[in-house]
Amino acid sequence: MEKILDVKNLNVDFSTYNGTVHAIRGVDFHLNSGETLAIVGESGSGKSVTVRTVLQLMAKNSKISKGEILYHDEDLLKKSEKEMDDIRGNKISMIFQDPMTSLDPTMTIGKQVAEPLLIHNKVSKSDALKRAEEVLRLVGIPNPKARMKDYPHQFSGGQRQRIVIAIAIVNYPEILIADEPTTALDVTVQAQIIDLLKELQQKIGTSIIFITHDLGVVAGIADRVAVMYAGKLVEYGNVDEIFYNPQHPYTWGLLDSMPTLDTDDQNRLNSIPGTPPNLLNPPKGDAFAPRNAYAMEIDEEEQPPFFKVSKTHYAATWLLHPDAPKVEPPKSIQERFEKYQEMLGGSVK
Amino acid sequence: MEQVPKIPKEKFKLLHKKDDQAQESLGTPSLTYLQDVKRRLFSNKVATVCLILLGIMVLISVFAPVVAPHNPNTQRVEYSNLPPKIGNLDIPGFNGMQNMDGKSVDAYKEVGAPKGTYYILGTDYLGRDLLSRIIYGTRLSLIVAVLATLVDLIIGLPYGIVSGWKGGKVDTFLQRIIEIVSSVPNLVVVILMMIILKPGLVSIVIAIALTDWVTMARLIRAQTFQLKEQEYILAARTLGESSTKIATKHLIPNLSSTIIIQTMFTIPNAIFFEAFLSFIGIGIPAPNASLGTLLSDGQKAFRFLPYQMWAPALILSIIMIATNLLGDGLRDAFDPQSSD
Amino acid sequence: MTKYILRRILYLFLTLFIIASITFFLMKMLPGTPFTNQNRLSPEQLAIVKAQYGLDQPVFIQYLRYMGGLFQGNLGTSFQFNNEPVTQLIGQRLAPSMQIGAQAMIVGTVLGILLGAVAAIRKNTWVDTLATFISILGLSIPSFVLAVLLQFYLAYKWQIYPVALWDNFQSSVLPTLALAALPLGNVARFMRTEMVDVMSSDYIELAKSKGNSNWQVVTKHALRNSLIPVVTIIGPMAVSVMTGSMVVENIFSIPGIGEQFVKSITTNDYPTIMGLTIFYSFLLVLVILIVDILYGLIDPRIRLGNGGKE
Ligand SMILES: Nc1ncnc2c1ncn2[C@@H]1O[C@H](COP(=O)(O)OP(=O)(O)OP(=O)(O)O)[C@@H](O)[C@H]1O
Ligand SMILES: [Mg+2]
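Here the structure is a predicted model, which is why all the values come from computation and not from measurement.

Asker: What is the right way to read the interface of chain B and chain C from this model?
Answerer: Across the contact, 38 residues belong to chain B and 43 residues belong to chain C. For the pair chain B and chain C, the two sides together bury roughly 3600 Å², of which 81% comes from carbon and sulfur. On inspection of chain B and its partner chain C, the count reaches one salt bridge. Close ionic contact of D328 of chain B with R189 of chain C constitutes a salt bridge, the shortest N to O distance being 2.6 Å. Counting across the chain B and chain C interface gives four residue pairs in polar contact (both at pLDDT 80 or more). Looking at the side of chain B that touches chain C, the elements with two or more residues in it are α6 (168-183), α7 (186-196), α10 (243-279), α11 (291-301) and α12 (307-334) of chain B. No other element matches the eleven residues that α12 of chain B contributes to the side of chain B that touches chain C. Among the residues forming the side of chain B that touches chain C, the class breakdown is 28 nonpolar, five polar and five charged.

As structure tokens, then:
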């Protein structure tokens, strides 16, 4: 499998009134061609900053202090502004979280969808509009020909997100970055959008980076999952490995708080006690240690390296060190382990 | 992958953290809102400078009788239109020299003023000390501004609170009144009031406040509407606290930032109107000085004696600029999102 | 939309009616007669003059007459100026006022928009600081102070423009500049705030993520979105230009309605004061109405939405 995107040791700082915020602290991940990679983590863990850095759509007060972002083996961070403009919306495009505010309120949606075509290709306006109409139909806007002349406020939230998706895919990008594309939508609409993304991936063969803080969404769409906490990845692996053989106590927490059929919706992510660390002065040791029921002395002194679990699965927790004691994960996680054993027994992957 | 470092075994003991041991302590100490506002205001250099500048002007105005070198209304016709002179300093423009028939002559000698007589900013056409008049003029302008702002508050605050709090028909009615009042240009109202009342301090204050309260009332109403739905106010209401108590205990403190900011924009407005009215001759009556009357006097003679115009123009402009900038600074301090 | 406009026009007349009534009764409350400062008249003469102006009638009749006249576009007769009808007086003097007023509005708004946009694009740089400084000066320095300074330096000292004369375009330059400062400052400030807001909005980020260059983002998306709200402050701007014009016309001896207004005040010419008050209010409500309609036309959210609601 070909790696089309390879992010290496990415570090991003923000200079703020109170000091420097170390928002991303050495993130490594890659994206294989044709796959969907999900990045999950609590609010503020740095998911958006990470992917925005890929497209270099960053706030003015940010600085990439270290790292490389290799796209087809070329470092995007070394590209000029002009070269990045050629990539954005063409090779790599992005879908944003809030469809209610992502569209220009004073421009017809036909023009907005046609815009990336006109920027990146030598096409006439009428051809671009024709193509925009096709794409709008593709993303499921009924009667697109007539509705092209409408303005964003005349569409529902779900429809607007479909339009945002249309804008993102109109040039058949190689990579589609979706930053919490369903968070602002109703549950039923969420499912529709996820299905649409899957369908589009099949049709146009794009690779997707899918960001969410809702693990429930991940199972349906991702091939691989990366778990992020306080500006670092803590665990990554295939979707089954993360769901049924998680190793990091933070992943346990996330999974444990996931609503299952018999639990209520009420205590989702909140059930991991405490709050993420202040990234103005990141802790010396493992950033999760203060909230970690399985923390050891070493966690407070040194950051854990990645330990290999399988060829595709790594986790950054001292619990995987040979000298660490055996711990007993929460019950729901143990059940997952059992399921995983069954799955391994059933099929040879 | 990174190499697994050698680590002493005893470090791998579970600490058995208690859940509630979450590390709140790592955050920056949270300041109270007001402290925060103060800190943000004083970290804004421009606003701080303006605050100091205005502070000095207020102090000078308060202590005008002590600070002013002369009585502002004492006329000494023999010393009329003397140029600025500071002691025996030989600074061009402040040495008492004047151009007469192409020659530079010492104007003070010409009128036979005894040695040691000098007027820092010169004198006007009646021989009154300009500096003293400016000090008193500034004082008068500031008094007008402060009084107008107070009256403005006295009308606008209850009006806005009632309108916002009651809502419904009362609100619609009160808003219609505001609509009508605000369709007359401010200046026209002010001028009409000035014609009807006798020119003077009180009339100016009333005239200005009569037009300015509308903005205040509007802002307060909008804010009250929002606050009304806040949980602590809803709680207070369900607990049966009286309306006046809710207004004084919950509403007004929460409205204070709006009030302070709006005040900072009312003050320059009032100063402008006072100067304007006095400039066209229906403001502060002679012989009292205000920035407007000084400007108007200065304008009449400015071709030959530009200093008489410059000083009040400069002071007026500085007050206007400083209050506007301070208003901006306060708004940013109260509502950090509104800046950058 | 039509229904909305009709309703607004109705309100406009209602407002004017109320203003006219209030003005009328305020004027009637004035102590003394309007003729006290004219050459002293004998009681008989005074009675004749009063009858001539209808001042011998009961106040209520006078009111009805006045309002009746108003409906026919008659604002009464001036006590001064050879009994000229006030409408005629205004008519003769409207052109110069409109000229400098319009010039000042256009110059101020256009420059203000440019200045504000540049400041927003170059936010937190020296360009921004300079632009902010200029706009603060513009909205802080009273127009009459500026007028006097311009007159002294550009007209009197350096003699680039006439001092106080009204004939050609040349003579309108200085008053225009003096009046343009305030709208310039206000528009620049407002535009900057709007545009900073717009530039940090999600749709601008999306526009950037489409591959637009920074320049394209500004021209295709940011400018239009920040310009629309600027329309809303044109009304208040027009009012302050009106205010300013009263003294500025005076300083530059421009035969406009502002100068007339000030003159009428100093001569107690009540019919003219009343007429001009009503006329100014009419202009103001008209400008606000036009601006509101314009806003509805250029903002698609209002244009196509339920136009009946405000
Ligand atoms: N412009 C900025 N200035 C300062 N700090 C910033 C800025 N942008 C992001 N951060 C900080 O970087 C961290 C990561 O933010 P990010 O937006 O990536 O979180 P996220 O994982 O996407 O969260 P969410 O799920 O809420 O979208 C946060 O702590 C945030 O406060
Ligand atoms: Mg995010």
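Asker: Just to check I follow, could you spell out the sheet that holds strand β1 (residues 3-16) of chain A for this structure?
Answerer: Backbone hydrogen bonds are what pair the strands of a sheet, in a parallel or an antiparallel way. Residues and elements named next belong to chain A. If you walk across this open sheet you meet the four strands as β2-β1-β4-β5, and the pairing is antiparallel. Every other strand in the sheet has two partners, leaving β2 (19-32) and β5 (74-75) as the edge strands with one partner each. As paired strands, β1 and β2 are joined by eleven bridges and run antiparallel to one another. The partner of V7 across the bridge, within β2, is F29. Together, β1, β2 and β4 (62-71) form the strand contacts of helix α1 (residues 47-55), whose direction differs from that of β1 by roughly 110 degrees.

Asker: Any chance you could explain the nonpolar core here in plain terms?
Answerer: Within soluble globular proteins, side chains that are nonpolar generally end up buried alongside one another. If you look at the biggest cluster of nonpolar residues, it comprises 122 residues, and the most contacted ones within it are I191 and F276 of chain B together with F144 of chain C. With eleven residues, α10 of chain B is the largest single contributor of residues to this core. Sequence-distant contacts of I191 of chain B, that is, excluding residues within four places in its chain, are made with L277, I280 and I282 of chain B together with M246, F261 and I265 of chain C. Formed by 108 residues, the second largest nonpolar core is a distinct cluster that contains M94, L176, I298 and A324 of chain A.

Asker: Even after reading the chapter, I still don't get the pairing of β4 of chain A, so can you show me in this structure?
Answerer: Two faces belong to every sheet, and in a regular strand the side chains alternate between them. All names here are of chain A. Two elements, β1 and β4, share eight bridges in a ladder whose sense is antiparallel. When the sheet's bridge partners are listed, L5 is paired in β4 with Y71. Two elements, β4 and β5, share two bridges in a ladder whose sense is antiparallel. Within the sheet, the bridge partner assigned to L70 lies in β5 and is D75. In textbook terms, the turn of a hairpin is the stretch between consecutive antiparallel strands, and for β4 and β5 this stretch comprises two residues, one of which, H72, has a positive phi near 50 degrees.

Criteria and cut-off values
- Residues numbered from 1 in each chain as written.
- Chains lettered and ligands numbered in written order.
- Predicted model: local features only at pLDDT ≥ 70, side-chain atom pairs only at ≥ 80, totals over all residues.
- Heavy atoms only, no water.
- Contact = heavy atoms within 4.5 Å.
- Buried area = accessible area lost by both parts, 1.4 Å probe.
- Salt bridge = Lys/Arg side-chain N within 4 Å of Asp/Glu carboxyl O.
- Polar contact = N/O pair within 3.5 Å; in protein donor to acceptor, adjacent residues only side chain to side chain.
- Helix = DSSP H or I, 4+ residues; strand = E, 2+ residues; numbered from the N terminus.
- Nonpolar A, V, L, I, M, F, W, Y, C, P; charged D, E, K, R; others polar.
- Pairing = 2+ DSSP bridges.
- Axes fitted to C-alpha atoms, helices over the stretch in contact; angles between N-to-C directions.
- Core = buried A, V, L, I, M, F, W, Y, C linked by side-chain atoms within 4.5 Å.
- Buried < 20%, exposed > 50% of the residue type's maximum accessible area, 1.4 Å probe, protein only.

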